[in-house]
Amino acid sequence: MKLYYRYLVTGIFTIILMGCQSEEIEFDPTVDLAIGIIADCQYCECETKETRSYKYSLNKLEGAIEQFNTEPLNYTIHLGDFIDRDFASFDRLLPIWDKLSSNKYHVLGNHDFNVVDSLKPRVLDRLNLTDRYYSIVENHWRFIVLDGNDLSFHGAYNLQKKKQTDSLYSQILQSKVHNKPAWNGGLSQEQLVWLENELITAEENNERVGLYCHFPIAGNEFTEILWNSEQILALIDKYSCVKFYFNGHNHDGDYLKRNGVHYLTFKGMVETDNNSPYASVMIVKDNIYINGHGGEHSRKLKIKE
């Protein structure tokens, strides 16, 4: 089903490219998919620390949702770290989140598990998730939501995953890789098998694929990446159906194009008390248009076949 995007009636959209002047691009205003994206709301009722204004995220989230509710979105997705800490923080955020008129989804972030151990198993239920990783199929696209906390010291709360976490991080320390800190995470072998099966299904169904995860796996600012990012990149390289990988975690944002795939890190909403970065994403034929708000860069991403 195609959507008519009310702000694109003229067929003109202004893209502000990083380091470039604004560019007006003409295109067919018939939108294949429209998606709202927020990263790192990271709310807690805490005082501002350095650049992070935790308690201001309530109002910033409300403002983003007010804007999204004026747009005919297929869905809205939050890219992880919905809270900064404390299970009670969900109680303040979720009534605002529930005002969204579109379908809505969550990616699990490391801070979402920054709660007491006894409450970690309840995080998924609080975010209305039945699975830690899953896929969304819309209009010949398969959007695959990954869980980068599958193997982690904060989010792996069963014994088997804790053992796998210890084993993977031990390998990282032995390899002397310094840009994979302990507060990041990785994908388990089970999740990697599931991911490849999803990619096989997408190719069989002639679907394009977009990947969502909290953590980056590639970028110009090559830090804070998933522990087994090389393994995931090798898997992505095998399948031409993958068109983008969108994530949060690095609050400054980042972008890299690699083998035709767009790796885009969205800026963190928690940063500063008066800026509210988020984005409306429009997929139009062979282009992805990022309409950035509040400091998030607007971009045009060409989809390579």
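What you see is a predicted model, and the numbers here were worked out from it, not measured in a lab.

Caption draft 1: Spatial organisation of the nonpolar core. One finds Leu61, Phe143 and Tyr212 to be the most contacted residues of the largest nonpolar core, which totals 58 residues. Per element, the largest residue contribution to this core is six residues, and it comes from strand S14 (residues 278–284). With residues up to four places along the chain from it excluded, the contact list for Phe143 reads Leu33, Ile35, Tyr75, Tyr134, Ser135, Ile136, Glu138, Gly210, Tyr212, Phe244 and Ile283. In terms of nonpolar packing, the next biggest core, distinct from the first, is built from 24 residues, Cys213, Phe215, Ile232 and Ile236 among them.

Caption draft 2: Representation of the pattern of salt bridges in the model. A complete count under the given rule lists 14 salt bridges for this structure. The shortest N-O distance in the salt bridge between Glu271 and Arg52 comes to 3.5 Å. Remark: Arg52 occurs in the loop between strand S5 (33–38) and helix H1 (57–68) and Glu271 occurs in the loop between strand S13 (261–265) and S14; sequence separation between them is 219 residues. Note on Arg52: relative accessible area 28%, which makes it partly exposed. Between Glu62 and Lys99 there is a salt bridge, with the nearest N and O atoms lying 2.5 Å from each other. Linking Glu62 in helix H1 with Lys99 in the loop between helix H2 (89–97) and strand S7 (103–106), this pair joins segments that are 37 residues apart in sequence. Using a relative accessible area of 23% as the deciding quantity, one classes Glu62 as partly exposed. Salt bridges sharing common partners tie together Arg142, Glu198 and Glu207.

Caption draft 3: Inspection of the side chain of Asp150 at higher detail. Summarising the element assignment, Asp150 is placed in the loop between strand S9 (141–145) and helix H4 (159–175). Under the relative-accessibility criterion, Asp150 is labelled buried at 2%. Dropping the residues within four chain positions of it, Asp150 is found in contact with Arg132, Tyr133, Ala156, Lys161, Gly186, Leu187, Ser188 and Gln191.

Caption draft 4: Structural context of the packing of helix H5 (residues 189–204) against helix H6 (residues 229–237). Here H5 crosses H6 at 15°, and the two axes come no closer than 11 Å. Compared by their axis directions, H5 and H6 come out roughly parallel. In this structure, H5 crosses over H6, and the sense of that crossing is right-handed. Across the interface between the two elements, Gln189, Leu192, Leu195, Glu196 and Leu199 from H5 touch Gln231, Ile232 and Leu235 from H6. Taken together, the residues of the contact of H5 with H6 break down into five nonpolar, two polar and one charged.

Caption draft 5: Highlighting the pairing of strand S6 (residues 75–78). Here S6 shows no split at all, with Tyr75 and Ile77 on one side and Thr76 and His78 on the other all buried. In the sheet, S5 pairs with S6 via four bridges, with the strands oriented parallel. Looking at S6, one finds that Gly36 is bridged to Thr76. Taking the sense of rotation as the criterion, the β-α-β connection linking S5, H1 and S6 turns out right-handed.

Rules used throughout
Residues numbered from 1 in each chain as written. Predicted model: local features only at pLDDT ≥ 70, side-chain atom pairs only at ≥ 80, totals over all residues. Heavy atoms only, no water. Core = buried A, V, L, I, M, F, W, Y, C linked by side-chain atoms within 4.5 Å. Buried < 20%, exposed > 50% of the residue type's maximum accessible area, 1.4 Å probe, protein only. Helix = DSSP H or I, 4+ residues; strand = E, 2+ residues; numbered from the N terminus. Contact = heavy atoms within 4.5 Å. Salt bridge = Lys/Arg side-chain N within 4 Å of Asp/Glu carboxyl O. Axes fitted to C-alpha atoms, helices over the stretch in contact; angles between N-to-C directions. Parallel < 35°, antiparallel > 145°, perpendicular 65-115°, else oblique. Left-handed = near helix turned anticlockwise from the far one by under 90°. Nonpolar A, V, L, I, M, F, W, Y, C, P; charged D, E, K, R; others polar. Pairing = 2+ DSSP bridges. Right-handed = clockwise from strand over helix to strand, strands pointing away.

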